[in-house]
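Residues per chain are reported as follows:
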Amino acid sequence: MKRVVLAYSGGLDTSVAVRWMIETWAVEVVCVLVDVGQDPDTTESFEDIRARALAAGAIECVVVDARDEMAEEFCAAAVRSNALYEGKYPLVSSLSRPVIVRHLVDQARRFNAQAVAHGCTGKGNDQVRFEVGTHALAPDLEVLAPARNWGMTRADSVDYAEQWSIPIRASKEKIYSIDENLWGRAVECGEMEDPWAAPPEEPMTLTRVRDTTPLEVTVGFEAGVPVSLDGERLSLADLIKRLNDLLGARGFGRIDMVENRRVGIKSREVYECPAALALIQAHQDLEDLVLERDVRHEKARLETRWAELVYDGMWFSPLKEALDAFFDETQRHVSGEVRLSVHAPGLLRVSGRRSPHALYDYGLATYDAADTFEHADSEGFVKIFGLSIKTWAQRQGAKNSHPRS
Ligand code: ARG
């Protein structure tokens, strides 16, 4: 009998997928539940979820704790790359899929499975990430996508679960699609499908204002990686959690955007990612202090490409690896501290930065008596810098001197 390893979340779709694959394709199903930092307050215990997978008919449900892996490998890379898809989205779901894929493939080998499966529909990015990622690590494995085949609406799925006594928590009224991990939350559907409608507060858990006291917090970096808060060394997973709490409570970190999915659909998305946005902002600011000008500029161009690749499911790809090697090289001196301040709800600012590797030179920058800059050197520099423009202007005659007449 064919054996399939399913990326299992415990939600309605993946629970129904277990039974549906058994009934439709006569396969054995092993579930893999990967903990990438889903908030235990908003989900149930992993034991409850595991029991549901077994109730749905899985022969086994393996729970993998991948929180540190998610933080130290994936979130750290996102910080180093200042990764914001379309300039806004810190890649929350895009980052967790390759982590899940890695464990799916591991478990597929362990259980001698011929295929892996996911619960994505045909309309989103996650199917791309699961499939391209799996084939990058295991070109021989088949990838199954039951939710692209079954043609059930959400209400049909709820009925199907009832019919097979699968103990789901979802109901026909539960309208939001939420995906979460250490790096933040993605909230879709319901009234948000109208891009003009303001996002509802109800499904937001990280960024609801709970604390209006001002906050100052200092983030320490070593070689591009956040390592401490106010001098206290923390694991990256703990540091992210702590910042999510501190900044989210003050209303920072919500993103409301219309984004371009890989499959050609524009979708309205609301994200909650306080730590992700703050760490990227702080890291970028530290880079401004320590990176040489050309490196800083070239890196910024490549960051956009890196974020697109990861969004598009190309985590395991040669271009992404090559960009990583370049970014790695740039991070050697990105060590120091950045002070973040929140003085009004939702408003975060960098209010200071320092580093032993700063290229900021007080003598060169100052306008006071300590000035060491050779002002006379600029005369020849500016003349030659502007020479081509001057030559061009002379050829134009008076044509450009009164552009509006
Ligand atoms: N649009 C985001 C992305 O593609 C969020 C996807 C959220 N996934 C989900 N199954 N609700 O990264």
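Structure: see above.
So, here's what we can say about the structure. (Residues numbered from 1 in each chain as written. Predicted model: local features only at pLDDT ≥ 70, side-chain atom pairs only at ≥ 80, totals over all residues. Heavy atoms only, no water.)

Next up on the list: the pattern of salt bridges. Taken as a whole and assessed by the stated rule, the structure comprises 39 salt bridges. The partner of D324 in a salt bridge is R80, with the nearest N and O atoms 3.2 Å apart. With a gap of 244 residues between them, D324 in helix α11 (residues 318-330) and R80 in helix α3 (residues 67-80) connect regions that are remote in the sequence. In terms of burial, D324 and R80 fall into one category: buried. Salt bridges sharing partners connect three or more residues here, namely E287, D288, R296, K299 and E303. (Salt bridge = Lys/Arg side-chain N within 4 Å of Asp/Glu carboxyl O. Helix = DSSP H or I, 4+ residues; strand = E, 2+ residues; numbered from the N terminus. Buried < 20%, exposed > 50% of the residue type's maximum accessible area, 1.4 Å probe, protein only.)

Below, the discussion takes up the site of the ligand. Lining the immediate environment of the ligand, one finds 15 residues, of which Y89, N125, R129, E188 and E259 sit closest. Here a nitrogen atom of the ligand and a side-chain polar atom of E188 are 2.9 Å apart. Within the side chain of E259, a nitrogen or oxygen atom sits 2.7 Å from a nitrogen atom of the ligand. Contact with the protein chains removes 87% of the 350 Å² of surface that the ligand exposes when unbound. Counting residues per element, the ones that place at least two in the shell around the ligand are α4 (92-110), α5 (126-137), β6 (177-181), β7 (184-188) and β12 (266-272). Looking at the shell around the ligand element by element, the count peaks at three residues for α4. When its residues are assigned to classes, the shell around the ligand shows four nonpolar, four polar and seven charged. (Near = heavy atom within 4 Å. Polar contact = N/O pair within 3.5 Å; in protein donor to acceptor, adjacent residues only side chain to side chain. Areas by Shrake-Rupley, 256 points an atom, 1.4 Å probe, with all protein chains shown as cover. Nonpolar A, V, L, I, M, F, W, Y, C, P; charged D, E, K, R; others polar.)

Moving on, we get to the nonpolar core. One broad trend across soluble globular proteins is that nonpolar side chains are buried collectively. With 83 residues, the main nonpolar core has L91, W183, I240, W306 and L340 as its most contacted residues. Ignoring any residue separated from it by four or fewer positions in sequence, one finds I240 in contact with A71, C75, L182, W183, A275 and L279. Judged by nonpolar contacts, the second largest core, of 30 residues, contains L12, V16, V18 and I166. (Core = buried A, V, L, I, M, F, W, Y, C linked by side-chain atoms within 4.5 Å. Contact = heavy atoms within 4.5 Å.)

The next subject is empty space enclosed by the protein. Applying the stated criterion to the full structure yields one cavity of 30 Å³ or more. At the level of elements, α4 and α5 are the ones that each hand at least two residues to the lining of the largest cavity. Each residue belonging to the lining of the largest cavity can be placed in one class, and the counts come to four nonpolar, two polar and two charged. (1 Å grid on protein atoms, 1.4 Å probe; cavity = no way out; pocket = protein on both sides within 12 Å on 5 of 7 lines; lining within 4 Å. Points joined across faces, edges and corners; volume = space filled by probe spheres on them.)

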